[in-house]
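# Overview (structure and organization)
Given next are the chains, with one letter for each unit.
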Amino acid sequence: PGSVLAGKYRILCSLGAARLDEVYEAESLESGEHVAIRVVQRDAGESDVMLRRFSRIASRLARVRHPNVVRIHELASHREEPDGPRVIFFVTEVLQGETLTHRVRSRGPLPREDARDAAVERSMANNETPGGSGGTACPSTSNTVGWMST
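As the structure is a computational prediction, the values presented were derived from the model and not from experiment.

### A word on the side chain of Arg103
Positionally, Arg103 belongs in helix α2 (residues 100-107). Here Gly108 takes part through its backbone oxygen, which lies 3.1 Å from a polar atom of the side chain of Arg103.

### Re the pairing of strand β4 (residues 34-40)
The buried fraction of β4 amounts to six of the seven residues, a majority that puts the element mostly inside the structure. With seven bridges joining them, strand β3 (residues 21-28) and β4 adopt antiparallel strand pairing. Among the inter-strand pairings, Tyr24 is bridged to a residue of β4, identified as Ile37. Hairpin connection between β3 and β4: a loop of five residues separates the two successive antiparallel strands, and Gly32 in this loop has a positive phi of roughly 80°. Two elements, β4 and strand β6 (residues 86-93), share five bridges in a ladder whose sense is antiparallel. Pairing of Ile37 across the sheet is with Val91, part of β6.

### Concerning helix α1 (residues 48-63)
With 16 residues, α1 should cover 22 Å at 1.5 Å per step; its first-to-last C-alpha distance of 23 Å lies within 8% of that length. Residues of α1 that are buried include every one of Met50, Phe54, Ile57, Ala58 and Leu61, and no others. Down the axis, α1 shows its buried residues gathered within 100° of arc, on one side only. For α1, the exposed residues set more than 90 degrees away from the buried face come down to Val49 and Arg63. Structurally, α1 contributes buried residues whose contacts are with β3, β4, β5 (72-79) and β6.

### Details of unusual backbone geometry
Residue Ala6 is not a glycine yet carries a positive backbone phi of 55°. Looking at the secondary structure, you find Ala6 in the loop between β1 (4-5) and β2 (9-17).

What counts as what
Residues numbered from 1 in each chain as written. Predicted model: local features only at pLDDT ≥ 70, side-chain atom pairs only at ≥ 80, totals over all residues. Heavy atoms only, no water. Helix = DSSP H or I, 4+ residues; strand = E, 2+ residues; numbered from the N terminus. Polar contact = N/O pair within 3.5 Å; in protein donor to acceptor, adjacent residues only side chain to side chain. Buried < 20%, exposed > 50% of the residue type's maximum accessible area, 1.4 Å probe, protein only. Pairing = 2+ DSSP bridges. Expected span 1.5 Å × (residues − 1). Arc of directions from axis to C-beta. Contact = heavy atoms within 4.5 Å.

Here's what the structure looks like:
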């Protein structure tokens, strides 16, 4: 928290980590908007294969328009020092709500119809974004796919 990525985004908190990436909530220094930043693990960031993979995911996400798929703003890479490791990241909107996992743990199983709808929505999102993952939560936010009560 507090560090600045690419001179544009101040990291506010961690939203979670997976095998290949970490997700943070950040503030855009230009607009003040809160965003989510998905960063490729530093040891994978030097790989051109990983850059191409994240580029494909970002371009697919940018084309998808669905209420349960996060909007992407930017794909970039950054070096903290000229000869340092490259950090690959993309910037998306931050979704408010709770993850499906948190919802089930806090209030019990979903009613059958809600469970079916959640499964269909998650399946649609994962088919549009290869390697898509379930949401991980900060105290008040969740990333890509989460339970958004209506």
